[in-house]
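Here is what each chain is made of, one letter per residue.
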Amino acid sequence: MNQSVRRGLRWLPALVWYGIIWRFSAQTATVSGGLSGRLLHQVLEALSPAFAAASPDAQVLAVETLSFFERKCAHMFLYFVLALLVYGAVRLGWTAVRTAGSLGICAMLAALDELHQTMVPGRSGEVRDVLVDLGGAAIALALLALPALGAWCRKRRIAAAAAGLVGLLAILPLCLTLALGERFLPALAVVEGVLAPWGAVAPALQDAVFLAACGVLGALVPLAVLLAGARFRAAAGAAALAAALAGMMSISTGRAGFYGCWGIALLGAVLAGAMWGLGDALDERSFPAWEAEEAGDLDEKKAQTEGHPLPEGESQA
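What counts, and at which threshold
Think of each chain on its own: its residues are numbered from 1, step by step along the sequence as written. Only residues with pLDDT of at least 70 are given local features in this predicted model, and only at 80 or more are side-chain atom pairs given and counted; all residues enter the totals for whole chains, interfaces and linings. As a rule here, side-chain values come from all non-hydrogen atoms in the structure, and water together with hydrogens is ignored. We define a salt bridge as a contact between a side-chain nitrogen of Lys or Arg and a carboxyl oxygen of Asp or Glu at a distance within 4 Å. By the criteria applied, helices consist of DSSP H or I runs no shorter than four residues and strands consist of E runs no shorter than two, each listed in order from the N terminus. A 1.4 Å probe rolled over the protein chains alone gives each residue an accessible area, and that area as a share of the maximum for its type sets the label: buried under 20%, exposed over 50%, partly exposed in between. An axis is simply a line fitted to the C-alpha atoms; with a helix, the fit covers only the stretch in contact. Between two such axes, the angle follows the N-to-C directions and lies from 0 to 180 degrees. Orientation categories follow fixed angle ranges, with anything under 35 degrees roughly parallel, anything over 145 roughly antiparallel, 65 to 115 roughly perpendicular, and all other angles oblique. Working rule for handedness: look at the near helix, and if it is turned counterclockwise from the far one by less than a right angle, call the crossing left-handed; if clockwise, right-handed. What makes two residues a contact is simply this: any of their non-hydrogen atoms within 4.5 Å. Patch definition: residues with relative accessible area over 30% and no salt bridge; like charges joined within 9 Å; nonpolar side chains (Val, Leu, Ile, Met, Phe, Trp, Tyr) joined within 5 Å. Computed by Shrake-Rupley with a 1.4 Å probe, the accessible areas treat only the displayed protein chains as cover when residues are assessed. Residues grouped as a nonpolar core are buried Ala, Val, Leu, Ile, Met, Phe, Trp, Tyr and Cys residues, joined through side-chain atoms within 4.5 Å. Positive residues here are Lys and Arg, negative ones are Asp and Glu, while His and the chain termini are left out of the count. Any pair of nitrogen or oxygen atoms within 3.5 Å is treated as a polar contact; in protein, a donor-acceptor pairing is required on top of that, and neighbouring residues in sequence qualify only through side-chain atoms on both sides. Three residue categories are used. Nonpolar comprises Ala, Val, Leu, Ile, Met, Phe, Trp, Tyr, Cys and Pro, charged comprises Asp, Glu, Lys and Arg, and polar comprises the others, including Gly. Multiply 1.5 Å by the residue count of a helix minus one, and that product is the helix's expected span. Bend is computed residue by residue as the angle between axes fitted to the seven residues ending at the residue and the seven residues starting at it.

## Some thoughts on the pattern of salt bridges
Point 1. For the structure shown, the criterion picks out one salt bridge.
Point 2. A salt bridge links Lys72 to Asp129, with the shortest nitrogen-to-oxygen separation between them at 2.5 Å. Of this pair, Lys72 sits in helix 4 (residues 56-89) while Asp129 sits in helix 6 (residues 127-155), and the two are 57 residues apart along the sequence. The pair Lys72 / Asp129 is uniform in exposure class, with both members buried.

## Topic: the packing of helix 4 against helix 5 (residues 95-117)
When two helices pack together, their arrangement is given by the angle between their axes and by how far apart the axes lie.
Point 1. Packing of helix 4 against helix 5 leaves a shortest axis separation of 9 Å and a crossing angle of 135°. With respect to their mutual orientation, helix 4 and helix 5 come out oblique. The element helix 4 and its partner helix 5 pack so that their crossing is right-handed. Between helix 4, through His75, Tyr79, Leu82, Ala83, Val86, Tyr87 and Gly88, and helix 5, the contact on the second element is made entirely by Thr95, Arg98, Thr99, Ser102, Ile105, Cys106, Leu109, Ala110, Asp113, Glu114 and Gln117.

## What to know about a nonpolar patch on the surface
Point 1. Together, Val5, Leu9, Leu12, Val16, Ile20, Phe24 and Leu35 give the surface a local cluster of nonpolar side chains, amounting to about 570 Å² of exposed area.
Point 2. Of the residues forming the nonpolar patch, the biggest block, six residues, is contributed by helix 1 (residues 3-25).
Point 3. Overall, the relative accessible area of 33% leaves Ile20 in the partly exposed class.

## Remarks on the environment of Val86
Point 1. On the secondary structure map, Val86 appears in helix 4.
Point 2. Once residues within four sequence positions are removed from consideration, Val86 is found in contact with Trp11, Ala14, Ser102, Ile105 and Cys106.

## A look at the nonpolar core
Point 1. Judged by nonpolar contacts, the single largest core of 23 residues is most densely connected at Ile21, Tyr79 and Leu82.
Point 2. Contributing elements (two or more residues each) for this core: helix 1, helix 4, helix 5 and helix 6.
Point 3. Of the residues forming this core, the biggest block, nine residues, is contributed by helix 4.
Point 4. Residues within four places of Tyr79 in sequence aside, it is in contact with Tyr18, Ile21, Cys106, Leu109, Ala110, Asp113, Asp133, Gly136 and Ala137.

## Points about the side chain of Glu114
Point 1. Mapped onto the elements of the fold, Glu114 is located in helix 5.
Point 2. Despite its burial, Glu114 remains without a salt bridge, the nearest opposite charge being carried by Arg123 at 6.7 Å.
Point 3. Within polar-contact distance, the side chain of Glu114 engages the backbone nitrogen of Glu126 at 3.0 Å.
Point 4. The contact partners of Glu114, leaving out residues within four places of it in the chain, are His75, Ser124, Gly125, Glu126, Asp129, Val130 and Asp133.

## Description of the packing of helix 5 against helix 6
Point 1. Interaxial distance between helix 5 and helix 6 falls to 9 Å at its minimum, and their mutual angle equals 150°. Viewed along their axes, helix 5 and helix 6 adopt a mutual orientation that is roughly antiparallel. For the element pair helix 5 and helix 6, the recorded crossing hand is right-handed. Contacts between helix 5 and helix 6 pair Thr99, Ser102, Leu103, Cys106, Ala107, Ala110, Ala111 and Glu114 from the former with Asp129, Val130, Asp133, Leu134, Ala137, Ala138 and Leu141 from the latter.
Point 2. Class assignment for the residues of the contact of helix 5 with helix 6 results in ten nonpolar, two polar and three charged.

## Thoughts on helix 6
Point 1. Here helix 6 is 29 residues long and its end C-alpha atoms lie 40 Å apart, about the 42 Å a rise of 1.5 Å per residue gives.
Point 2. At Leu146, helix 6 shows its maximal bend, which comes to roughly 40°, and the proline Pro147 appears one to four places after that position.
Point 3. Just downstream of helix 6, Arg157 is the residue with a positive phi angle, here 60°.

What follows is the structure, given as structure tokens:
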């Protein structure tokens, strides 16, 4: 295949995904808000027994309280995926340069998307949203760099310290949720600038924050094990233990439900493992193969132009 065509095809998934982002941004505020509200309601009803048992008015208040955070998480997810696709398309040689280039491209696309939103009725462009988008992209690129970071830490014999730090970060959100939840959660219960009845929305908010902490626990525990130099089998065992811990803590605290917490933690572990595998596959150590492939195309073209045969053993395709 022609080299320029091959390079163009590498960018096709990123362009298609950005087209999806652009289409979401073209929705009016009413359509976008209604879609996100319905989705959040369905997720909370499936994962939070407290939300499912609440009155319809309390459910509406809880959804309106959490919808702001849902929209920002949606922004981060969209650019999380976009950063992965852009990183797969960019070929700049070294991981650091490639990461910086990918983040710069995502920043330009996020700014363009916010500019587009200023032309949509009821929508606005915010610098804050650009930073949120870049947060999602930065998380994706940081996860891709973890295998290389793990190798670097093992060479310097600090892998155990790095793994311990990540393990601490895994437990911290869960501990803060349990210890400080009653203090900071009421500040979230604001609907259109008015404090919502805390007693009505408290159970749903506590379940939502606890579920998020379980997801962080499930994602970071296996990453800590992998950073320490263990194999995927050990990381899978650690992920299973983390998911079981999340489920047991949901039973002991009465927050969310066992299967919801267990499932969210397990989902976080699966996504973290997939990101580690993808980062390992896209590590700079695989660049020599790509460079050799493209160099082979150039040698073939040069040989055909000059009428010289290729060296014996090289591919003609």
